[in-house]
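Coordinates in review
What follows is the residue order along each chain.
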Amino acid sequence: MHSQPIDFHPPAEDAAPFLLPATASLFAERADRFAALAVGHSLGDWLAFLGQLSQAQQAALNALPELSLPDATALEQARTHGMPPLNVAARPVAWRDVLRGMAGELATTAPNGAASVLATLAKADDARLDKLADTLLSGEPEAGDVAELPFVAAALQVVFTRLASQLDVKQLQPLDVHAVCPCCGSPAVASVVRLGSAINNLRYLHCSLCNTEWNVARATCTTCDTDKAVALQELEGSELKNAGAVRAETCDACKSYLKIVYQDKDPQVDPVADDLATLALDMLVDEAGYQRSGPNFLLIGAYSG
Ligand SMILES: [Zn+2]
Ligand SMILES: [Zn+2]
């Protein structure tokens, strides 16, 4: 008889606590995932356009030079106070040109509604763009700005992903609050259960802004830390291609939820793209009384926190 060894992976002690973003391919892979998810999807046109937006983010990131990190004193101060090293209120000014560049490029191929928004953004002055960024990061978008905010977010993602990638992972430390990024302090968009030699089956939260990931034990609520009241919900009988690879982790103690995506079910799964291709799952858990704990900045309306 042939017996198979049990594929046991030791718990998190030796696992990388933080994964900084892989700038060479991150947005390009997301673009491919959006394109794949768009095929045959009821929101296919929108997902395909977000694929183009992700491609534009990769091109902008490739063209972006190194940015200035906070100086040694500021980094040490953040460390001492248990704060993330990057401060989203201190945006590198380069983000505005990233936005204008992407907007100008996408305006020619975007669907009608988005094209006029992009044309306006491409010509917007600094003050207008900074106001939009403040609105986005305050978490309280005004109805009149909603159409512009996903593009503002896309540009900010590019610069903060660049900044995060320039940090030394030794400059990061776990924060008391699990649901926010130890690199930039933004909320997580979703969790990823990863494949890979040293990180197999471990759960990482993925930053909604800078694309850094951090390890948090599985079956723990990322909002209130309980491990007693957590359950996984999925779309049963769904025809969505990625339905089996995406679940919602709900917590009955604090009534929050966040999606969790599984690389062993689909190695190409992406926390941002797969989240937006499963809005039906958000509706299901919203109706059951759970509130989403982190935004997807490419769809501001999905987040009411
Ligand atoms: Zn972050
Ligand atoms: Zn909870």
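Residues numbered from 1 in each chain as written. Chains lettered and ligands numbered in written order. Predicted model: local features only at pLDDT ≥ 70, side-chain atom pairs only at ≥ 80, totals over all residues. Heavy atoms only, no water.

**Re the coordination of the zinc ion (ligand 1)**
- Taken together, the protein donors to the zinc ion (ligand 1) comprise Cys-181 (SG), Cys-184 (SG), Cys-207 (SG) and Cys-210 (SG), at separations of 2.3 Å.
- In this structure, the zinc ion (ligand 1) is surrounded by four donor atoms whose angles at the metal cover 100 to 117 degrees, and the resulting shape is tetrahedral.
- Sequence spacing among the residues donating to the zinc ion (ligand 1) works out to C-x2-C-x22-C-x2-C. A residue pair is termed long-range when its members are at least 10 positions apart, and Cys-184 in the loop between helix 7 (149-166) and strand 2 (188-193) and Cys-210 in the loop between strand 3 (203-207) and strand 4 (213-215) qualify at 26 residues. For the pair Cys-184 and Cys-210, one class covers both residues: buried. (Donors = N, O, S within 2.8 Å, 3.2 Å for Na, K, Ca; no water. Tetrahedral: all angles 85-135°; square planar, octahedral: opposite > 155°, others 65-115°. Helix = DSSP H or I, 4+ residues; strand = E, 2+ residues; numbered from the N terminus. Buried < 20%, exposed > 50% of the residue type's maximum accessible area, 1.4 Å probe, protein only.)

**Some remarks on the domain arrangement of the chain**
- Taken as a whole, the chain is organised into domain 1 (18-171) and domain 2 (188-302).
- If you average the C-alpha positions of domain 1 and of domain 2, the two centres end up 21 Å apart.
- In this assembly, domain 1 packs against domain 2 so that about 2,400 Å² is buried in total across both faces, 68% of it on carbon and sulfur atoms.
- Considering only the side of domain 1, the residues that lose the most area to domain 2 are Leu-19, Arg-30 and Arg-33, jointly responsible for 29% of the buried surface there.
- Inspection of the region where domain 1 meets domain 2 yields three salt bridges.
- For Arg-33, the salt bridge identified is with Asp-266, shortest N-O distance 3.2 Å.
- Only strand 1 (18-19), helix 1 (26-38), helix 2 (44-63) and helix 7 provide two or more residues apiece to the side of domain 1 that touches domain 2.
- With nine residues, the top contributor of residues to the side of domain 1 that touches domain 2 is helix 7.
- Residue composition of the side of domain 1 that touches domain 2, by class: 25 nonpolar, three polar and two charged. (Domains from an automatic or database assignment. Buried area = accessible area lost by both parts, 1.4 Å probe. Salt bridge = Lys/Arg side-chain N within 4 Å of Asp/Glu carboxyl O. Nonpolar A, V, L, I, M, F, W, Y, C, P; charged D, E, K, R; others polar.)

**Remarks on the packing of helix 6 (residues 126-138) against helix 7**
- The N-to-C vectors of helix 6 and helix 7 enclose an angle of 90 degrees; their axes lie 10 Å apart at closest approach. Between helix 6 and helix 7, the crossing angle belongs to the class labelled roughly perpendicular. On the side of helix 6, the interface is formed by Leu-132, Ala-133, Thr-135, Leu-136 and Leu-137, while helix 7 contributes Leu-149, Val-152, Ala-153 and Leu-156.
- Of the residues that constitute the contact of helix 6 with helix 7, the class distribution is eight nonpolar, one polar and no charged. (Axes fitted to C-alpha atoms, helices over the stretch in contact; angles between N-to-C directions. Parallel < 35°, antiparallel > 145°, perpendicular 65-115°, else oblique. Contact = heavy atoms within 4.5 Å.)

**Here we look at the pattern of salt bridges**
- Under the defined criterion, the tally for this structure stands at 21 salt bridges.
- Across the pair Arg-194 and Glu-213 runs a salt bridge, and its minimum N-O distance is 2.7 Å. Within this pair, whereas Arg-194 is found in the loop between strand 2 and strand 3, its partner Glu-213 is found in strand 4, the two being separated by 19 residues in sequence.
- A residue is classified by how much of its surface remains accessible, and Arg-194, at 19% relative accessible area, is buried.
- Note that Asp-275 and Lys-259 form a salt bridge whose closest N and O atoms lie 2.6 Å from each other. Residue Asp-275 is located in helix 8 (residues 273-276), and its partner Lys-259 is located in strand 7 (residues 256-262); the two are separated by 16 residues in the primary sequence.
- Through salt bridges with shared partners, one network takes in Arg-91, Arg-96, Asp-97, Arg-100, Asp-126, Asp-130 and Asp-134.

**Some points on the packing of aromatic side chains**
- All told, the structure shown has one aromatic pair when counted by the stated rule.
- The lysine or arginine in question, Arg-247, covers the ring of Tyr-262, its NZ or CZ lying 5.1 Å from the ring centre. (Phe/Tyr/Trp six-rings, centres within 6.5 Å; stacked < 30°, edge-to-face > 60°. Lys NZ or Arg CZ within 6 Å of the ring centre and 35° of its normal.)

**Brief notes about the nonpolar core**
- Counting residues in each nonpolar core, the largest one holds 69 residues, and the members touching the most others are Trp-95, Phe-151 and Phe-160.
- Two domains each donate at least three residues to this core, and these are domain 1 (18-171) and domain 2 (188-302).
- Core analysis: the second largest hydrophobic core is formed by eleven residues, Leu-235, Ala-248, Val-269 and Tyr-290 among them. (Core = buried A, V, L, I, M, F, W, Y, C linked by side-chain atoms within 4.5 Å.)

**So, unusual backbone geometry**
- A positive phi angle is found at Ala-219, which is not glycine, with a value near 60 degrees.
- Assignment of secondary structure puts Ala-219 in the loop between strand 4 and strand 5 (230-233).
- The partly exposed category is assigned to Ala-219, whose relative accessible area is 44%.
- The backbone of Asp-225 shows a phi angle near 75 degrees, a positive value even though the residue is not glycine.
- Along the polypeptide, Asp-225 turns up in the loop between strand 4 and strand 5.
- A relative accessible area of 42% means that Asp-225 is categorised as partly exposed.

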